[in-house]
Amino acid sequence: MTDCLQEPAFLIGDIDGDINLSLPPTSGEEYIKRVVIEAQQCADVVVANIDRSQFVQPTINVQPLSGCMEAPSCLGPTLDWQQYQFSDFSNVRLYISQLKDEIQSSKRKWKPPSINLPDIDDEKGWIQFCLGTYEGEKKTDPTLNTVFSLNQPMVEQILEYLIDYVEVEKEIIHKLGQWLYALLAILEMPLTPEMCSCLRSLARTCSIIRANSINLEVHEIGALNLFICLVARYFRQLDMADP
């Protein structure tokens, strides 16, 4: 089969190397001979000589985003601890899913919370709400009633607000950590590309705080390790996982 592919498509006879290529061909046969001659004169491999001095040098140093920073030896979680947190978080999500099913099937009564939620476009308002400093609301803990009143676009938007806040402040206080955990517990999968990027930013920021802080309390270290663990192992961003 391959032999027939090597046979010439046109019989053009002997090729005279003295053909004057500056003159137009006088026949189709002569034109094909010219093509063969020109092809024989081409190199098998051609490498361009690039004058790199003509390139415009970048004005900023762009660093590619990487995974999490390695934890100091005394702050990193054990694998058993991570597996326990994974299992516990899975059970919480399963329990919440069962409650939602019971509410939708009217097997369980549910009453919306009697509190004023900020408008979804009010980033500052949601930050204050989750920190417990929102005007007119004395209690803004992430109860099931409160989180059940949020649809998925709201969950994703509030998560983005909180993660941006953590990136700027470089800390996760207790009440903010409660809200992050609650929102992750009701975050639906599969993740959107935007939400995946957002969660990776959370894990990366937690690893930076953990690596650069020398006066962290035990509960603060636990919170940082927890969010890195959940993002990496539950939400399948395994390249960010602690060993």
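Look a little higher up for the structure.
Everything in this summary refers to the structure shown in the same document. Computed from a predicted structure; not experimentally measured.

Cut-offs applied
- Residues numbered from 1 in each chain as written.
- Predicted model: local features only at pLDDT ≥ 70, side-chain atom pairs only at ≥ 80, totals over all residues.
- Heavy atoms only, no water.
- Helix = DSSP H or I, 4+ residues; strand = E, 2+ residues; numbered from the N terminus.
- Buried < 20%, exposed > 50% of the residue type's maximum accessible area, 1.4 Å probe, protein only.
- Areas by Shrake-Rupley, 256 points an atom, 1.4 Å probe, with all protein chains shown as cover.
- Salt bridge = Lys/Arg side-chain N within 4 Å of Asp/Glu carboxyl O.

### Notes on the overall build of the protein chain
Consideration 1: A tally of regular secondary structure across the protein chain gives nine helices and zero strands.
Consideration 2: Each helix and strand of the protein chain, placed in order from N terminus to C terminus, yields the pattern α-α-α-α-α-α-α-α-α.
Consideration 3: For the protein chain, buried positions account for 33% of its 243 residues.
Consideration 4: Entry remark: accessible area of the protein chain is about 16,300 Å², with carbon and sulfur atoms responsible for 53%.

### Quick word on the pattern of salt bridges
Consideration 1: Applying the stated criterion across every chain, the model contains four salt bridges.
Consideration 2: For the salt bridge of Arg108 with Glu102, the shortest nitrogen-to-oxygen distance reads 2.8 Å.
Consideration 3: By relative accessible area, which is 38% here, Arg108 ends up partly exposed.
Consideration 4: Owing to a relative accessible area of 28%, Glu102 belongs among the partly exposed residues under this scheme.
Consideration 5: Residues Asp239 and Arg200 are paired through a salt bridge, measuring 2.8 Å at the closest nitrogen-oxygen approach. Within this pair, whereas Asp239 is found in the segment after α9 (218-234), its partner Arg200 is found in helix α8 (residues 193-212), the two being separated by 39 residues in sequence.
Consideration 6: Judged by its relative accessible area of 52%, Asp239 falls in the exposed class.
Consideration 7: On the basis of relative accessible area, Arg200 is assigned to the buried category, the value being 18%.

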